[in-house]
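Geometric and topological summary
This is what each chain is made of:
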Amino acid sequence: MAKARLVVIPDEIIGTINPNIYGHFAEHLGGCIYEGIWVGEDSPIPNRDGIRLDVVDALRRIRPPVIRWPGGCFADDYHWRDGIGPREDRPRTLNIWWDDVESNQFGTHEFVRFCRMIGAEPYICGNVGSGSPRELRDWVEYCNYPSGTTLSDERAANGDRQPFDVRYWGVGNENWGCGGAFTPEEYAGAYRRFATYLRPLQRDPMTLIACGPLANDRDYTRRFLEQIVRTCPPQHGLPFQGYAAHYYCGTAGTATEYTHDQWYHLLAKSLEMEPLVVQQRATLDSYDPQRQVGLIVDEWGAWHPAQAGSNPRHLYQQNTQRDALVAALTLDIFNRHADKVIMTNIAQTINVLQAMVLTDGARMLTTPTYHVYAMYAAHQGGQAVRALVEGETIDWVAEDGDDGAAHRGALPQVAGSASVRDGALTVSLVNTHAEEPLDLVLALLGADGTIATRTTLASDDIHAHNTFDEPTRVAPHVEHPDLAANGATVTLPPASVTTLTIAL
Ligand code: AHR
């Protein structure tokens, strides 16, 4: 059996893991909002104020800290006034990106209510591409100003006297593409113009988020930042607190059908998140030496071919044990960069792309990716500490990646991260090998502890996934070993995710 060693140094603190690293994203796309969240008050599906309760209960259990809305591409063609006021009077508008008619039944009030129900902070992405600075500053005032202006009083008249206190505001989405097709320099100009009217409304704590590149496009980031520092008064630092990239690792094979090499290929692509984080943060830091701006990845995940028989523009896909490993490997990267990454939002919460939850009418299931979020929730707010893995690599060759070319590489067999909170060390570990278990020897440097809980997400089939007929085919298994951690050998099953809770 392959062997590996994990050395954890609890005293070597990287930084606090911002709970928002475990954030989510919900767009008006396919079945994410309508059916996934909103079923309407008259629906036979149990709901409160139109929001389905089974989904709320499931999401609450993974402690979602923040949720981004209303898009995605949808955001830069969304006009928030369409989604307020009596629902029967709201316009029906065309969702130009995702092949739908938008009923606007789910708008700002419904979104904030949903966030409150699941215990998450709202993150609203504003419209830069087809909107105006006035429209976005009015939305902020409508949401956040306490009372006494026409807009804040309108909010109260629409049912919410208390301000929403929306803290996170995105100034556009993918503005190099569906958010207006700007060059980095043009977007810097648009950002500056929009921010001029948002910053006076910025009461602590309000976080303005500038839109960054697709994947690790350092040239985009450099050109954008160059233009920002050239044209914005330098005395206040950069005029945003977050800078958000997107990275989809794509697919290899389909959502549920893939060879072993395609398994490795997709996992290898998910690890491309690490150079993205390292290089984007280095570029940011060179323009922001005080490190006041946090790195955000507000869309990421696997993007498989749409499920046969579904509308390809609704981006519905199944979610297997392979997706669970994509999530775990990626979250471990974010934990390891907790000193710079302040938020990430996997795409998307329900029925779209790498979802937590799938629904079918009144039925609902949680996916393998959901279980990773549940297992990793203990990292939220912990101190990320140094965890060094020594292990082998797996050579793979895939002839048919999503671009049709042959790919090869050497994938680490084991990866992970560690954090300390409330006297407990949480260690997360991934065995990427499709067939072989791994014996991992644990060493805590300068500390002793007892492995109190071990949670394992594994399956006898790398293609395993949950279906409405078999919704718990992939589910975590919990044990309480009560074993001294130093020197312990932990056997990681093939193709698995494991978390250990070690009482220090
Ligand atoms: O998540 C689906 C789409 O992917 C989003 O709308 C867009 O921002 C990205 O290209």
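What counts as what
Residues numbered from 1 in each chain as written. Predicted model: local features only at pLDDT ≥ 70, side-chain atom pairs only at ≥ 80, totals over all residues. Heavy atoms only, no water. Domains from an automatic or database assignment. Buried area = accessible area lost by both parts, 1.4 Å probe. Salt bridge = Lys/Arg side-chain N within 4 Å of Asp/Glu carboxyl O. Polar contact = N/O pair within 3.5 Å; in protein donor to acceptor, adjacent residues only side chain to side chain. Helix = DSSP H or I, 4+ residues; strand = E, 2+ residues; numbered from the N terminus. Nonpolar A, V, L, I, M, F, W, Y, C, P; charged D, E, K, R; others polar. Buried < 20%, exposed > 50% of the residue type's maximum accessible area, 1.4 Å probe, protein only. Pairing = 2+ DSSP bridges. Right-handed = clockwise from strand over helix to strand, strands pointing away. Axes fitted to C-alpha atoms, helices over the stretch in contact; angles between N-to-C directions. Contact = heavy atoms within 4.5 Å. Expected span 1.5 Å × (residues − 1). Disulfide = S-S within 2.5 Å.

1. So, the domain arrangement of the protein
- If you check the domain split of the protein, you get domain 1 (2-9 + 386-503) and domain 2 (18-381).
- Just the C-alpha atoms count here: the centres of domain 1 and domain 2 sit 28 Å apart.
- Surface buried jointly by domain 1 and domain 2 totals about 3700 Å² across both partners, of which 63% is contributed by carbon and sulfur atoms.
- Seen at the junction of domain 1 and domain 2, the total is one salt bridge.
- Here Asp469 ties to Arg363 by a salt bridge, and the two come within 3.7 Å at their closest N and O atoms.
- Our count for the domain 1 to domain 2 interface comes out at 19 residue pairs in polar contact (both at pLDDT 80 or more).
- With six residues, strand β19 (residues 414-421) is the single largest residue contributor to the side of domain 1 that touches domain 2.
- Taken together, the residues that form the side of domain 1 that touches domain 2 break down as 22 nonpolar, 20 polar and five charged.

2. Brief notes about the pairing of strand β10 (residues 207-214)
- Taken across its eight residues, β10 has seven buried, putting it largely inside the fold.
- Note that strand β9 (residues 168-171) and β10 share four bridges and pair parallel. If you follow Val171 over to β10, its bridge partner there is Ala210.
- Read as a crossover between parallel neighbours, the route from β9 over helix α5 (residues 184-198) to β10 is right-handed.
- When β10 meets strand β11 (residues 242-250), the two strands line up parallel, connected through four bridges. Bridge assignment links Ala210 to a residue of β11, and that residue is Tyr243.

3. Concerning the sheet that holds strand β5 (residues 66-69)
- Reading around the barrel, the eight strands line up as β2-β5-β8-β9-β10-β11-β12-β13 and close back on themselves, with parallel pairing between neighbours. If you compare each strand with its neighbour and ignore which way they point, the axes differ by 30° on average.
- In this fold helix α3 (residues 133-144) packs onto β5, β8 (121-125) and β9, with an angle of close to 170° to the strand it touches most, β9.
- Helix-sheet contacts for helix α6 (residues 218-231) involve β10 and β11, and the interaxial angle to β10 is about 140°.

4. Notes on helix α8 (residues 273-287)
- For α8, which comprises 15 residues, the first-to-last C-alpha distance of 21 Å matches the rise-based estimate of 21 Å (1.5 Å per residue) to within 8%.
- All buried positions along α8 are accounted for by Met273, Leu276, Val277, Gln280, Arg281, Thr283, Leu284, Asp285 and Tyr287.

5. Focus on the pairing of β9
- Both faces of β9 are covered, namely the face carrying Tyr168 and Gly170 and the face carrying Trp169 and Val171.
- Where β8 and β9 come together, three bridges link them in parallel fashion. Across the sheet, residue Ile124 finds its bridge partner in β9, namely Trp169.

6. Some remarks on the state of the cysteines
- Inspection of the entire model under this criterion finds one disulfide.
- Each sulfur in the disulfide pair Cys73 and Cys178 lies 2.2 Å from the other. Judged by the sign of its S-S torsion, about -85°, the bond between Cys73 and Cys178 is left-handed. Taken together, the residues span a long stretch of sequence, with Cys73 in the loop between β5 and β6 (93-95) and Cys178 in the loop between β9 and α5 at a distance of 105 residues. The burial state of Cys73 is the same as that of Cys178; both residues are buried.
- No disulfide involves Cys32; its sulfur sits 12 Å from the nearest other cysteine sulfur, which is in Cys115.
- Residue Cys115 is classed as buried on the basis of its relative accessible area of 0%.

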